[in-house]
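What the coordinates show
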Amino acid sequence: MLKLQMAVVDILLLSEALEPEKIDAFEKEAEVVGSEVRIISVETREGVQLRDLGKVAAILRYEVQ
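Keep in mind it's a predicted model, so treat the numbers as computed, not measured.

Regarding the overall build of the protein
Scanning the protein for helices and strands turns up 3 helices and 3 strands. Starting at the N terminus and ending at the C terminus, the protein contains elements arranged as α-β-α-β-α-β. Relative to its length of 65 residues, the protein is compact, with a C-alpha radius of gyration of 11 Å against a globular reference of 11 Å. The C-alpha extent of the protein, read off along each of the three principal axes, is 30 × 25 × 15 Å. Per-residue burial over the protein gives 25% buried out of 65 residues. Contacts in the protein between residues far apart in sequence, at least 24 positions, make up 77% of those at least 6 positions apart. On the protein, roughly 4,500 Å² of surface is accessible, and the fraction owed to carbon and sulfur atoms is 52%. One finds the centroid of the 8 positive side-chain charges in the protein at a distance of 4 Å from the centroid of its 13 negative side-chain charges.

Rules of the game
- Residues numbered from 1 in each chain as written.
- Predicted model: local features only at pLDDT ≥ 70, side-chain atom pairs only at ≥ 80, totals over all residues.
- Heavy atoms only, no water.
- Helix = DSSP H or I, 4+ residues; strand = E, 2+ residues; numbered from the N terminus.
- Rg over C-alpha atoms; globule rule 2.2 N^0.38 Å.
- Buried < 20%, exposed > 50% of the residue type's maximum accessible area, 1.4 Å probe, protein only.
- Contact = heavy atoms within 4.5 Å.
- Areas by Shrake-Rupley, 256 points an atom, 1.4 Å probe, with all protein chains shown as cover.
- Lys, Arg positive; Asp, Glu negative; His and termini not counted.
- Charge placed at Lys NZ, Arg CZ, Asp CG, Glu CD.

Have a look at this one:
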């Protein structure tokens, strides 16, 4: 969540397999910094990959070290 709090995240990708409380927390933080949130279904191949990779990913606004 650190990159999200740094306002570096443009689009936050969340697996629908994530716990609802965590989704809510991510959505609230994303709203504060102006990031878009997309919930990805596990009914797709990409959704299964996201779930298996940790349930959270992001497309960044710019590169960070």
